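What follows is the residue order along each chain.
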Amino acid sequence: MDSNKQQIKKQVKKHIPKDWLCELRISYRILMEAVNDIKRTGGVGNTIIITTMTAILILFGVLFRFTLSLSTLANELGDVLEISVYLKSNTDVSAMQDRIRTIKHVKSLKLIPKAESWKALKNELGMNDITNPLPDTIRVKVDKPEFLEEVSTQLRPMNGVEDLGFSKELAKRIQVLMHIVNTTIGFVVVISAILTMTIINNTIQLVIQARKDEIEIMRLMGVSNWYIKSPLLIQGAFYGMVSSMIAVLPLNGVQGLLLEMHKFMQIPSPMYAQNTVIITLLLIGIAFGAIGSLLSIKKHLQV
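Figured I'd write up the structure that's included with this text. (Residues numbered from 1 in each chain as written. Predicted model: local features only at pLDDT ≥ 70, side-chain atom pairs only at ≥ 80, totals over all residues. Heavy atoms only, no water.)

Right, let's talk about the overall build of the protein chain for a bit. Regarding its fold elements, the protein chain presents 11 helices and four strands. Burial status across the protein chain gives 36% buried among its 303 residues. Sequence-distant contacts in the protein chain: of pairs separated by 6 or more residues, those separated by 24 or more amount to 84%. Surface exposure of the protein chain reaches about 18,600 Å², of which carbon and sulfur atoms provide 62%. (Helix = DSSP H or I, 4+ residues; strand = E, 2+ residues; numbered from the N terminus. Buried < 20%, exposed > 50% of the residue type's maximum accessible area, 1.4 Å probe, protein only. Contact = heavy atoms within 4.5 Å. Areas by Shrake-Rupley, 256 points an atom, 1.4 Å probe, with all protein chains shown as cover.)

Structure (structure tokens):
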């Protein structure tokens with residue numbers, strides 16, 4: 001029965017002409033209600049909420065920016081890692097290269113002919129009267145350090161492969177570093193979300209209590225639920241947006257320090273890192289604020 005009523009309402013709404021001026025007035029009223037709710041919270045209350053959220057978002061922004069730099073460092077170290085494939089004598093080098101290229105996660109190949117390797121070694125050690133004992137070598141780079149072991153496992157049994165060599169310990173350490181980076185940023189996001197939503201939840205609860213009689217009257221008059229909910233959602237999103245904009249300011253100092261660190265270590269800084277952090281902060285602040293309001297509405301306001 002209820003589903004039939006809903007379908008009838010939808011069909012009726014489709015045939016009702018839209019009064020854009022009326023909708024504009026309603027939107028204005030919703031916005032003014034949100035402004036009034038912010039005023040009701042009071043200057044001290046608003047300051048405490050925004051200051052607390054700003055501190056949380058600053059912590060998130062700083063850790064996120066450091067994470068981007070650590071990720072770049074790990075990728076740079078990963079690019080240095082490669083698998084040295086030592087070939088047996090009389091192996092068709094060109095055919096071997098074609099076979100290696102078909103392996104998943106292989107990024108690039110570089111052939112080091114045995115004559116070239118021997119020439120460099122002779123010049124270094126001064127051994128001119130010894131037959132070349134070195135094999136042809138193919139240096140294989142993979143797209144990500146965690147796939148070094150997988151690719152080497154596929155290379156080892158190939159016909160024509162004498163032996164393999166790569167820094168297994170360094171590869172493992174890079175994997176551990178990346179795992180720490182990803183875990184840290186995930187943990188910070190979760191903690192930031194919980195703290196922000198808790199703050200917004202408590203704030204919206206106070207607003208709902210202050211407007212309890214007014215909301216009850218609106219419900220009795222048949223005012224739609226979204227009209228009652230929207231100002232509260234806007235209020236939460238407003239707190240998140242303002243807090244995010246303030247939290248961006250200290251990141252300029254952090255950005256300068258990290259750029260100096262990258263310059264000192266001769267590692268390129270991640271592209272658009274600062275812009276990425278700023279946009280992420282704004283989106284997370286607004287989203288967490290709005291979600292915190294929504295959770296509070298569902299908990300304390302039965303509409």
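That was the structure; now back to the text.
In this structure the tally under the stated criterion is two aromatic pairs. Summarising the aromatic geometry, the rings of Phe 60 and Phe 64 are spaced 5.7 Å apart at their centres and angled 15 degrees between planes, so their arrangement reads as stacked. In this pair, Phe 60 and Phe 64 both sit in helix H3 (residues 43–80), four residues apart, roughly one turn of the helix. A relative accessible area of 2% means that Phe 60 is categorised as buried. When its relative accessible area of 14% is taken as the criterion, Phe 64 is described as buried. (Phe/Tyr/Trp six-rings, centres within 6.5 Å; stacked < 30°, edge-to-face > 60°.)

Take the side chain of Ser 69 next. Relative to the assigned elements, Ser 69 resides in helix H3. Since its relative accessible area comes to 3%, Ser 69 is described here as buried. Beyond its immediate chain neighbours, meaning those up to four positions away, Ser 69 contacts Leu 258, Met 261, His 262 and Pro 270.

A complete count under the given rule lists two salt bridges for this structure. Among the ionic pairs, Asp 98 bridges to Arg 101, the shortest N-O distance being 3.4 Å. Residue Asp 98 and its partner Arg 101 are both found in helix H4 (residues 93–101); the two are separated by three residues, about one turn of the helix. Exposure remark for Arg 101: the relative accessible area of 49% places this residue in the partly exposed category. For Asp 163, the salt bridge is made with Arg 156, and the minimal N-O distance between the two is 3.9 Å. (Salt bridge = Lys/Arg side-chain N within 4 Å of Asp/Glu carboxyl O.)

The four strands are arranged S2-S3-S1-S4 in an open sheet whose pairing can be described as antiparallel. Two strands in the sheet have a free side with no partner beyond their single neighbour: strand S2 (106–112) and strand S4 (161–165). Taking each pair of neighbouring strands and ignoring which way they run, the sheet shows an average axis angle of 25 degrees. On the sheet, H4 packs against strand S1 (83–87), S2, strand S3 (137–142) and S4 and is oriented at approximately 165 degrees with respect to S2. Each of S1, S2, S3 and S4 is contacted by helix H6 (residues 148–155), which is oriented at about 10 degrees to S1, the strand it contacts most. (Pairing = 2+ DSSP bridges. Axes fitted to C-alpha atoms, helices over the stretch in contact; angles between N-to-C directions.)

Each regular strand carries side chains that alternate between the two faces of the sheet. The pairing of S1 with S3 spans four bridges and is antiparallel. Within S3, the residue paired with Val 85 across the bridge is Ile 138.

Bringing a nonpolar patch on the surface into the picture now. Taken together, Phe 187, Val 190, Ile 191, Ile 194 and Leu 195 make up a surface patch of nonpolar side chains, about 460 Å² in accessible area. Mapped onto the secondary structure, Ile 191 falls in helix H7 (residues 168–210). (Patch = residues over 30% accessible without salt bridge, like charges linked within 9 Å, V, L, I, M, F, W, Y side chains within 5 Å.)

So, on to unusual backbone geometry. Trans is the prevailing form of peptide bonds, just as negative phi is the prevailing case for residues other than glycine. One non-glycine residue, His 105, lies in the positive phi region at around 80 degrees. The exposure class assigned to His 105 is buried, which follows from its relative accessible area of 15%.

Purely geometric stuff here, so don't read any function into it on its own.
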